[in-house]
Amino acid sequence: MDDKIEWFVEDTMKGGRYANDPKLVQILAEQSADGIKWLESLGANMDDLKRSGGARVDRTHRPTGGLSVGPHIIDVLRKASVKEGVDTRLNSKVVKLVIDEDQKIVGVVVHGKHSGHYMIAAKSVVLATGGYGFNKEMVAFYRPTFKGMTSSNNITSTGDGIELAKAIGASMTDIDWVQAHPTVGKDSRILISETVRGVGAIMVNKDGNRFVSELTTRDKASDAILKQPEQYAWLVFDNELYKKAKMVQGYDHLDMLEKANTVSELAKITGMKESSLEKTVSNYNRYFKQGKDEEFAREQMPLPLEKAPFYAVKVAPGIHHTMGGVAIDTKAEVLDIQSKPLVGLFAAGEVTGGVHGYNRLGGNAVADTVIFGKIAGTNAAKHALETK
């Protein structure tokens with residue numbers, strides 16, 4: 001791919017409405033290729049590329065064959081941790097960060113489901129606890145307009161790390177910015193991956209008309225759906241995409257897809273207007289052949305919609321990512337309210353703020369967790385070794 005570090009930086013800053021910390025974004029872009037190489041050195045398959053909303057080129061890596069990247073990476077890291085003999089404790093929750101009189105980290109208090117409370121002494125602690133997208137109270141407090149909105153997040157995304165850090169004086173940044181993903185399965189918590197749009201699906205309203213570029217940024221796509229009369233949309237695609245993106249077959253297994261042998265039949269099944277959906281698909285196929293989307297200037301159209309059967313899945317915006325969290329510096333050190341490092345405390349991933357600004361681009365969460373996770377781990381280990 002013809003890509004450049006400065007393009008990565010520009011796309012990420014633009015997507016975040018320039019509220020990102022430029023120093024962190026620069027690291028994200030500069031170390032992204034090395035992050036992929038590191039994952040591959042552990043056995044990950046990151047050979048396939050797709051384009052996510054807001055990116056000017058295909059930049060988002062995933063396994064060959066269209067498998068979901070997240071579970072694949074987790075499986076690779078789990079195997080690597082077992083190989084390295086990492087002490088992993090399940091059914092256990094950190095309930096307190098312990099600091100000494102100099103405000104330096106000296107350990108954590110853990111509550112084990114079967115073992116009760118105990119303390120682990122540690123010269124370094126890394127917070128990698130995720131965001132607060134499944135904590136309804138925190139969402140309502142920080143982002144009242146999203147109160148009651150469904151969430152695609154794991155049930156463990158409850159902001160624990162943020163609360164732990166706040167309790168010892170950590171500074172927060174962008175804490176009130178929450179991203180709604182435009183395509184969560186309607187009336188469910190199942191995320192319909194951006195990959196589905198990235199590899200060719202179109203998005204239409206209840207009548208069967210397109211209303212936005214499918215590859216715009218998530219905040220703009222979500223806003224566009226919420227402006228539709230019924231505040232939902234349909235993703236429409238054909239059998240070629242169904243075969244290409246294996247995750248779609250998982251949605252089929254969950255009974256989320258409507259299926260028909262013709263576009264007209266699909267419109268009847270979903271309640272869309274036959275003439276509108278047929279015209280939408282016909283126009284899109286014409287745009288594909290001429291290489292120019294005359295309606296919404298979609299920059300990439302990898303597939304036409306021609307091969308039966310045809311599919312549709314109903315989607316609506318849902319809470320997906322909390323952009324804000326604890327403030328960190330370029331070493332992944334957690335900062336206090338005076339912007340000084342809390343010695344021995346590091347953080348990476350969605351528990352932090354500053355990397356994504358007001359809106360995260362698709363693919364950048366994996367890049368964030370891998371790159372800053374590696375930085376946090378490296379510096380935490382170095383600090384522990386050098387501390388007497």
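Quick caveat: nothing in here was measured; it's all calculated off a predicted structure.

Rules used in this analysis
Residues numbered from 1 in each chain as written. Predicted model: local features only at pLDDT ≥ 70, side-chain atom pairs only at ≥ 80, totals over all residues. Heavy atoms only, no water. Helix = DSSP H or I, 4+ residues; strand = E, 2+ residues; numbered from the N terminus. Rg over C-alpha atoms; globule rule 2.2 N^0.38 Å. Buried < 20%, exposed > 50% of the residue type's maximum accessible area, 1.4 Å probe, protein only. Contact = heavy atoms within 4.5 Å. Areas by Shrake-Rupley, 256 points an atom, 1.4 Å probe, with all protein chains shown as cover. Lys, Arg positive; Asp, Glu negative; His and termini not counted. Charge placed at Lys NZ, Arg CZ, Asp CG, Glu CD. Arc of directions from axis to C-beta.

(A) Broad picture of the overall build of the protein. Across its full length, the protein carries 13 helices and 15 strands. For 388 residues, the compact-globule estimate of 2.2 N^0.38 gives 21 Å, and the C-alpha radius of gyration of the protein, at 22 Å, lies within 12% of that figure. With the principal axes as the frame, the protein shows a C-alpha extent of 75 × 40 × 40 Å. Out of the 388 residues belonging to the protein, those deemed buried represent 53%. Sequence separation of at least 24 residues holds for 68% of the intrachain contacts in the protein that already meet a minimum separation of 6. For the protein, the exposed area adds up to about 18,400 Å²; of that, 51% sits on carbon and sulfur atoms. The distance from the centre of the 50 positive side-chain charges to the centre of the 49 negative ones in the protein is 1 Å.

(B) Molecular detail of the side chain of Ser-188. With respect to the secondary-structure elements, Ser-188 resides in the loop between strand E8 (178-185) and helix H7 (194-198). If we ignore the near neighbours within four places in the chain, the residues touching Ser-188 are Thr-150 and Met-256.

(C) Inspection of helix H3 (residues 32-41) at higher detail. Along H3, the residues that are buried comprise Gly-35, Ile-36 and Leu-39. Looking straight down H3, one finds that the buried residues subtend no more than 100° of arc, so they occupy a single side. Of the exposed residues in H3, the ones pointing more than 90 degrees away from its buried face are Lys-37 and Ser-41. Against strand E2 (60-62), helix H4 (69-83) and helix H13 (364-386) lie the buried residues of H3. Looking one or two places after H3, you find Gly-43, whose phi comes out positive at around 110°.

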